[in-house]
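# A look at the structure
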Amino acid sequence: MTGSARRTLVLAGLVTAAAIGSVALAAAPLRAGPSWGVVAILCVLPLLLAVVAGYSVRARRASTAVLVWAANVAGLAAAVDLGLLVTLLLFGRFPVGAQVDLVNAALVGILLVGTAAGPLGRRAARTARALVAGVRRSPDELLAAFGDRSAEGTPAAELMRQLAEALRRDLQVSAVRLWWAEDEAAGELDRQVVVPANARPGPSHLDGADLDVLARAGVAGNGWLRAWLPALMPTSALALVPQLRIAPAVHAGRVLGLVQVERPVDAGAFSAAEDRALGEVARRLGIVLRNRALDAALQSTLADLRRSNAALQASRTRLVTTADAERRRIERDLHDGAQQHLVALAVGLKLLRDSAGPAAADTELIDELDAGVREAIGALRDLAHGIYPPLLRDAGLAEALRAAGKRTALDVTVATGDLGELSEPVQAAVYFCCVEALQNAAKHAPDSTVAIDVEIDRSRTPGMLRFSVADDGPGFETAAGSTGHGLQNMADRVGALGGDLEIRSAPGRGTAVVGTVPLDAQVRR
């Protein structure tokens, strides 16, 4: 197959080269056209391109179309040769002097006219059809645009009706009927379109047995229908039965649709060319119907994926929101409960020591108890801040991150731009991700320097909050490393807001945790 496609491409190159050479030979007696050196280059160029294109899979697949294009070029060259011959006859002699410039201008004009004649003729034909019949597209044009117009939301029945009207006009038939399946898996066809509307409707349904018969048929007429599928024959007297043609739309051995046309018995018989045209329309219709079914299945799958993704994100959001709410409750309970009790106990110990006097024997014990209570208060305060720091709620993300950096033994720098007033979910997600990254750095790179950067990218709509926690520690191989619960929690936090998290690291190059959170309406000014 590959060798045949390459030979086709080389043949197309030869045809193109011959067309160029013929024009040069026809122009030579008139002393027109480019020099022979330029002609040689123009003749060799398509051959070289054809040889090079033979190594391209895409070009080999289009080899037949390329050969057809080369044939069109050859036809254009023949028209130009004829035009040059007519020019020579009009002169009555070989041109001399200023007449050579006139011949060159005529050559350019002939090339332009020959090139534009095909597209202009097709456009004029479409315009004439529109004026006469009110239809702007042929069956081939409608099928070519079927997929695009289906994607635009045009109902399939309307598109098929336009196809039936085009077939009725182009084949000059009295009626067209189209069957196809709304559900390909059902294994049956329903009559969907009848043009004109007052024509004999015919059967409304074709079942699996009918489709098995149609799968083995090509373009068939009255005799075949009478023997194999009489349900599609009219019930009138035999002498009045119109001329019928059917063409099943088959793809991969499955009948996806059926085209039936009829012509009065006293009209001209269907020609072989009309039968071939009807068969080609049915073949292309099968491809279109199959693509339409695949597109519908794809859209359904994408809709399911979108619903699943939305449900997953909603679930992650609920989990993170619930966890943060529980963190705030525990922080309040510790602050308002245990911490207040310890503070009251410390006050009581101070009053006891003051009332006992400096000479009391138990002063040293009271001082030890007071120191222990104050240490417990500090530890409890640190614990409450780690659960959900009030500073995050009261002073904002930047101050909370600076306070978290001061609580660690690492050398931490915090840089934030103008963050505006962030919503609580965004602040909590970024804060706890940065704190988790700080804890990982303290564990795996205790002697490192850590830089925390937070900024808002307002060049996009919606804005995007970006944060990074980078250390200059030993790093690790991310391909072989385990994500662990901490990193998974970080990913869940930003994922619940529709964000992304990335770990960048390499041995000897430190580690960076980089995250983005889309703000949507989360930034309030």
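Residues numbered from 1 in each chain as written. Predicted model: local features only at pLDDT ≥ 70, side-chain atom pairs only at ≥ 80, totals over all residues. Heavy atoms only, no water.

## Things to note about the overall build of the chain
From N to C terminus, the chain includes 15 helices and twelve strands. Classification of the 525 residues of the chain by burial places 36% in the buried group. Within the chain, contacts between residues separated by at least 24 positions form 65% of all contacts whose residues are at least 6 apart in sequence. When the accessible area of the chain is evaluated, it comes to approximately 29,200 Å², of which 59% is carbon and sulfur surface. (Helix = DSSP H or I, 4+ residues; strand = E, 2+ residues; numbered from the N terminus. Buried < 20%, exposed > 50% of the residue type's maximum accessible area, 1.4 Å probe, protein only. Contact = heavy atoms within 4.5 Å. Areas by Shrake-Rupley, 256 points an atom, 1.4 Å probe, with all protein chains shown as cover.)

## Looking at the environment of alanine 451
Mapping alanine 451 onto the fold places it in strand S8 (residues 449–457). Taking the C-alpha atoms as reference, alanine 451 lies 9.7 Å from leucine 438; in sequence the two are 13 residues apart. Ignoring anything within four residues of it in the chain, the contact list for alanine 451 reads Thr413, Ser468, Val469 and Ala470.

## Notes on a nonpolar patch on the surface
Taken together, the side chains of Val10, Leu11, Leu14, Val51 and Tyr55 make up a nonpolar region of the molecular surface, amounting to roughly 480 Å² of accessible area. Considering each element in turn, the nonpolar patch owes the most residues, three residues, to helix H1 (residues 2–27). Within the secondary structure layout, tyrosine 55 lies in the loop between helix H2 (36–53) and helix H3 (57–61). Given the relative accessible area of 64%, tyrosine 55 is considered exposed. (Patch = residues over 30% accessible without salt bridge, like charges linked within 9 Å, V, L, I, M, F, W, Y side chains within 5 Å. Salt bridge = Lys/Arg side-chain N within 4 Å of Asp/Glu carboxyl O.)

## A closer look at the sheet that holds strand S9 (residues 464–471)
Sheet strands associate in pairs through backbone hydrogen bonding, adopting either a parallel or an antiparallel arrangement. Reading across the sheet, the five strands line up as S6-S8-S9-S11-S10 and stay open at both edges, with mixed pairing between neighbours. Edge positions in the sheet fall to strand S6 (411–416) and strand S10 (500–505), since each has one partner strand and no second. With strand direction ignored, the average angle separating the axes of adjacent strands in the sheet is 10°. The pairing of S6 with S8 spans six bridges and is parallel. Looking at the pairing, threonine 416 lines up with valine 454 of S8. Helix H13 (residues 397–407) contacts S6 and S8 of the sheet and is inclined by roughly 175° relative to S6. (Pairing = 2+ DSSP bridges. Axes fitted to C-alpha atoms, helices over the stretch in contact; angles between N-to-C directions.)

## Digging into the pairing of S8
Pairing of S8 with S9 involves eight bridges; the strand directions are antiparallel. When the sheet's bridge partners are listed, valine 450 is paired in S9 with aspartate 471.

## Structural notes on the pairing of S10
Sheet analysis places S10 next to strand S11 (residues 511–518), joined by six bridges and oriented antiparallel. For leucine 501, the partnering residue across the bridge sits in S11 and is glycine 515. Taken together, S10 and the strand that follows it, S11, pair antiparallel across an intervening segment of five residues, in which glycine 508 is found at a positive phi of about 80°.

## Re the packing of aromatic side chains
Scanning all chains against the criterion turns up one aromatic pair. Over the face of the ring belonging to tyrosine 55 we find arginine 6, whose NZ or CZ atom lies 4.9 Å from the ring centre. The positively charged end of arginine 263 is found above the aromatic ring belonging to phenylalanine 270, 4.2 Å away from the centroid. (Phe/Tyr/Trp six-rings, centres within 6.5 Å; stacked < 30°, edge-to-face > 60°. Lys NZ or Arg CZ within 6 Å of the ring centre and 35° of its normal.)

## Points about the confidence of the model for the chain
Per-residue pLDDT for the chain has a mean of 77; in total, 69% of the residues score no lower than 70. Predicted confidence for residues 521–525 stays below pLDDT 50, and this span has twelve contacts to residues more than four positions away or in other chains. (pLDDT = per-residue confidence, 0-100.)

## Structural notes on the side chain of serine 448
Its place among the elements puts serine 448 in the loop between helix H14 (424–444) and S8. Of note is the side chain of serine 448, whose polar atom sits 2.7 Å from the backbone oxygen of alanine 445. (Polar contact = N/O pair within 3.5 Å; in protein donor to acceptor, adjacent residues only side chain to side chain.)

## Some details on the pattern of salt bridges
Counting across every chain of the model gives ten salt bridges. Ionic pairing is found between arginine 283 and glutamate 280, a salt bridge with its closest N-O pair at 2.5 Å. Taken as a pair, arginine 283 and glutamate 280 lie in helix H10 (residues 272–356) at a separation of three residues, close to a single helical turn. Assessed through its relative accessible area of 42%, arginine 283 is described here as partly exposed. Classification of glutamate 280 by relative accessible area gives partly exposed; the value is 32%. One salt bridge connects arginine 402 with glutamate 399, and the closest N-O pair in it is separated by 3.4 Å. Residue arginine 402 and its partner glutamate 399 are both found in helix H13; the two are separated by three residues, about one turn of the helix. Arginine 402 gets classed as partly exposed once you look at its relative accessible area, which sits at 30%. Via salt bridges that share partners, Arg177, Arg200 and Glu262 belong to a single interconnected network.

## Digging into the nonpolar core
Within the largest apolar cluster, 35 residues are counted, with the highest numbers of intra-cluster contacts made by Leu397, Tyr431, Ile452 and Leu465. Of all the elements in the fold, those that place two or more residues in this core are H13, H14, S8, S9, helix H15 (484–496) and S11. The element that contributes the greatest number of residues to this core is H14, accounting for twelve residues. In this structure leucine 397 touches Leu392, Leu419, Leu422, Gln427, Val430, Tyr431 and Val454, once residues within four positions along its chain are discounted. Core analysis: the second largest hydrophobic core is formed by 22 residues, Met160, Leu163, Val193 and Phe270 among them. (Core = buried A, V, L, I, M, F, W, Y, C linked by side-chain atoms within 4.5 Å.)

## Some details on the environment of histidine 444
Along the chain, histidine 444 turns up in helix H14. Remark: the alpha-carbon pair of histidine 444 and glycine 475, spanning 31 residues in sequence, is separated by 8.5 Å.

## Observations concerning the side chain of glutamine 427
Counting through the fold element by element, glutamine 427 comes out in helix H14. A polar contact is formed between the side chain of glutamine 427 and the backbone nitrogen of leucine 397, at a distance of 3.1 Å. Setting aside residues no more than four positions away along its own chain, glutamine 427 makes contact with Leu392, Gly396, Leu397 and Leu422.

## Structural notes on the sheet that holds strand S1 (residues 175–180)
Reading across the sheet, the five strands line up as S3-S2-S1-S5-S4 and stay open at both edges, with antiparallel pairing between neighbours. Both edges of this open sheet fall to strand S3 (205–206) and strand S4 (243–251), since each of them pairs with a single strand only.

## Overview of helix H7 (residues 156–171)
Helix length check: H7, at 16 residues, gives a terminal C-alpha distance of 22 Å against a target of 22 Å (1.5 Å per residue), a fit within 8%. By the burial criterion, the buried members of H7 are Ala156, Leu159, Met160, Gln162, Leu163, Ala164, Ala166, Leu167, Arg169 and Leu171. Glutamine 172, located one to two residues past H7, shows a positive phi value of around 55°. (Expected span 1.5 Å × (residues − 1).)

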